[in-house]
Amino acid sequence: MFKSKICLCLTGSTLSENLNILNKYRNWIDIAELRVDYLTEDERLYIRRFPEMAKVPCILTIRRKIDGGAYVDGEATRTLLFARGLAFADQDVRKNFAYVDFEEDFHVPSLQDAALAFETGIIRSVHSMDGPIKNIPQKIESLRTTGYEIPKVAFMPRTLSDVTNLFRQSKDLRDKDSILVAMGGLGLPSRILASRLHSFLTYTSPVELSDNLSHLGQIDPITLSEIYNFRSITQETSIFGITGYPLHHTQSPAIHNEGYKNYGLDSVYIPVRAENVDEAIEFADQVGIKGMSVTIPHKQSVLSYMKEISSETGDIGACNTIVKNGSDWYGYNTDAFGLMEALKKFLGIKNLKHMKVSIIGAGGASCAAAYVVKELGGKACIFNRTISKAKDLAEKYNFKYAVLSAESKSLLDEYSDLFIQTTSIGMGSTIEEISKDPIDFYDFKGSEAVYDVIYTPAKTALLKRAEEAGCKISNGLTMLQYQAEQQFYLFTGVKYE
Ligand code: ATR
């Protein structure tokens, strides 16, 4: 059974820094790549010693800036550095570099001969940093000039379709070793599913050095192994995922993949970043994905790709779960179930009868919130920046509506048993993003219960303010967990308990 190797890219500025990091990750990797381009000038004098120190097969790489690396000096010096790395070959091949990475246009026959004579494999690489390589088999063929090299094609996709193309074309490349990488956030599936691409290896970055290569979309080897169960992915593994854009803050892979581990299922759940939903469906069909979670901003646009949707999904008008059966997709909504369970637990009650609820926002998540409040017998007022959206949603359930601004303060006061916050305000990682509070004009009395569907950060500015006023608060992690459990059941037929 073909399995890709895990390569750790070492971009520290000294050999000892790299060695310390390597020691931390040793158990999760097969190969280390010494990125000489990140070493200081002085350290570059001693690269020949690294394989013996590392005690794992090592790749010698000196990546130029134009190829996505950090090397800025001339080619003559680079050639000397390669020579220094390959010189004085040892009888014990473990003390030599196992591989050297020569770019497509780097042709120094003496170095190539030296590498071959001392059993150092040659990775012949091409990096397209500003767009896809359309004909990948042709490119691979042109890189394999002697028959000894392992060709490597790495490119920065512009859209998810470029990544889909890589998976499609990789099917013709299985007879010989090659390395295939789609970089950046869009390319992440190619790194996790490297074994499906039949790629000789997948590149990873230690968290300690993630600033150096994170723009290339590399993840660390522990996440790759422990969250994505990389070592057990084969051609038979069932693939699930989550699609959305930009898809920065998602806990769903951790939840689903842990479930597969606990129940012994040969499955993996991956992030599929897609700006347009048609690209996500195209990718899923090509790669054989069996089910996907759907998040912002595709929950409504995905509906038109469904053969059938559940009645709940139709009522809510948004779909967060799609399941493939044969060649067709079926749509479900587990957000409503997730929020319903979360609210029941949060409030310790079975329904919302006699409760007046403020729903903040009128987007996809709010559609599920309005549905849930109605189902649980509560009364609600929907507050939104764009009043027409609040009106449309409110009229569906016979609820009140108002604009999300200080002029609606008295209505918020009236509907203040429970607040359900569904907008993206307060979500994010920057100080500016997380300091925002969608109802900063409202003064909490302390008797309100406040549920914010956001879970990054764990406590939004709104929740902090409510808590300080003595309110009962909860973030959206409980909703996420419950909706994921129902989704897990739809995907696998196994109850997540
Ligand atoms: P989701 O599927 O997560 O609900 P969405 O459908 O894009 O995402 O809805 C986002 C919600 O957040 C909407 O209610 C949106 O208000 P508008 O309908 O007026 O766009 C709200 N929202 C997002 N950013 C906002 C902002 N800066 N100020 C006020 N409301 C905002």
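For the structure given in this document, a descriptive report is provided here.

We now examine the overall build of the protein chain. A tally of helices and strands in the protein chain yields 20 helices and 20 strands. Projected onto its principal axes, the C-alpha coordinates of the protein chain cover approximately 85 × 50 × 40 Å. Sorting the 497 residues of the protein chain into buried and exposed places 55% on the buried side. If you sum the accessible surface of the protein chain, you get close to 20,900 Å²; carbon and sulfur atoms cover 50% of it. Distance between charge centroids for the protein chain: 3 Å, based on 55 positive and 62 negative side chains.

On strand β18 (residues 418-421), burial covers both faces: Leu418 and Ile420 on one face and Phe419 and Gln421 on the other are all buried. Strand direction decides the pairing type here: strand β15 (residues 356-360) and β18, joined by 4 bridges, are parallel. Counterpart to Ile360 in the pairing with β18 is Gln421. Judged from the 4 bridges that link them, β18 and strand β19 (residues 449-452) form a sheet pairing that is parallel. Paired with Ile420 across the strands is Tyr451, a residue of β19.

Now for the nonpolar core. As a rule of thumb, nonpolar side chains are buried together in soluble globular proteins. Judged by nonpolar contacts, the single largest core of 76 residues is most densely connected at Leu22, Phe50, Ile136, Val153, Ile192, Phe283 and Ile322. Examining the composition of this core, we find that 6 residues originate from one element, helix α12 (residues 277-287), more than from any other. Excluding anything up to four places from it in sequence, Leu22 contacts Leu8, Leu10, Ile29, Ala32, Ala54 and Val56.

Attention now moves to the packing of aromatic side chains. Throughout the structure, instances matching the rule amount to 16 aromatic pairs. Between Phe82 and Phe106, the ring centres sit 5.0 Å apart and the planes meet at 55°, which makes this aromatic pair tilted. Placement of Phe82 in helix α3 (residues 75-86) and of Phe106 in the loop between β4 (99-103) and α4 (109-117) is noted, with a sequence separation of 24 residues between them. By relative accessible area, Phe106 is classed as buried at 3%. Through a chain of ring-to-ring contacts, three or more aromatic side chains come together here, namely Phe240, Tyr260, Tyr263, Phe488, Phe491 and Tyr496.

What follows deals with the sheet that holds strand β16 (residues 379-384). Spatially, 6 strands are ordered β17-β16-β15-β18-β19-β20 in an open sheet, and the strand pairing comes out parallel. Of all strands in the sheet, those with a lone pairing partner are β17 (400-403) and β20 (472-474), marking the two edges. Across the sheet, the axes of successive neighbouring strands diverge by a mean angle of 15°, strand direction being ignored. Two elements, β16 and β17, share 4 bridges in a ladder whose sense is parallel. In the sheet register, Cys381 faces β17, and the bridge partner there is Lys400. Helix α15 (residues 364-375) rests against β15, β16 and β18 of the sheet, and its axis sits at about 170° to β15. Across the sheet, helix α19 (residues 461-468) is in contact with β18, β19 and β20; its angle to β19 comes to roughly 165°.

The rules we used
- Residues numbered from 1 in each chain as written.
- Predicted model: local features only at pLDDT ≥ 70, side-chain atom pairs only at ≥ 80, totals over all residues.
- Heavy atoms only, no water.
- Helix = DSSP H or I, 4+ residues; strand = E, 2+ residues; numbered from the N terminus.
- Buried < 20%, exposed > 50% of the residue type's maximum accessible area, 1.4 Å probe, protein only.
- Areas by Shrake-Rupley, 256 points an atom, 1.4 Å probe, with all protein chains shown as cover.
- Lys, Arg positive; Asp, Glu negative; His and termini not counted.
- Charge placed at Lys NZ, Arg CZ, Asp CG, Glu CD.
- Pairing = 2+ DSSP bridges.
- Core = buried A, V, L, I, M, F, W, Y, C linked by side-chain atoms within 4.5 Å.
- Contact = heavy atoms within 4.5 Å.
- Phe/Tyr/Trp six-rings, centres within 6.5 Å; stacked < 30°, edge-to-face > 60°.
- Axes fitted to C-alpha atoms, helices over the stretch in contact; angles between N-to-C directions.

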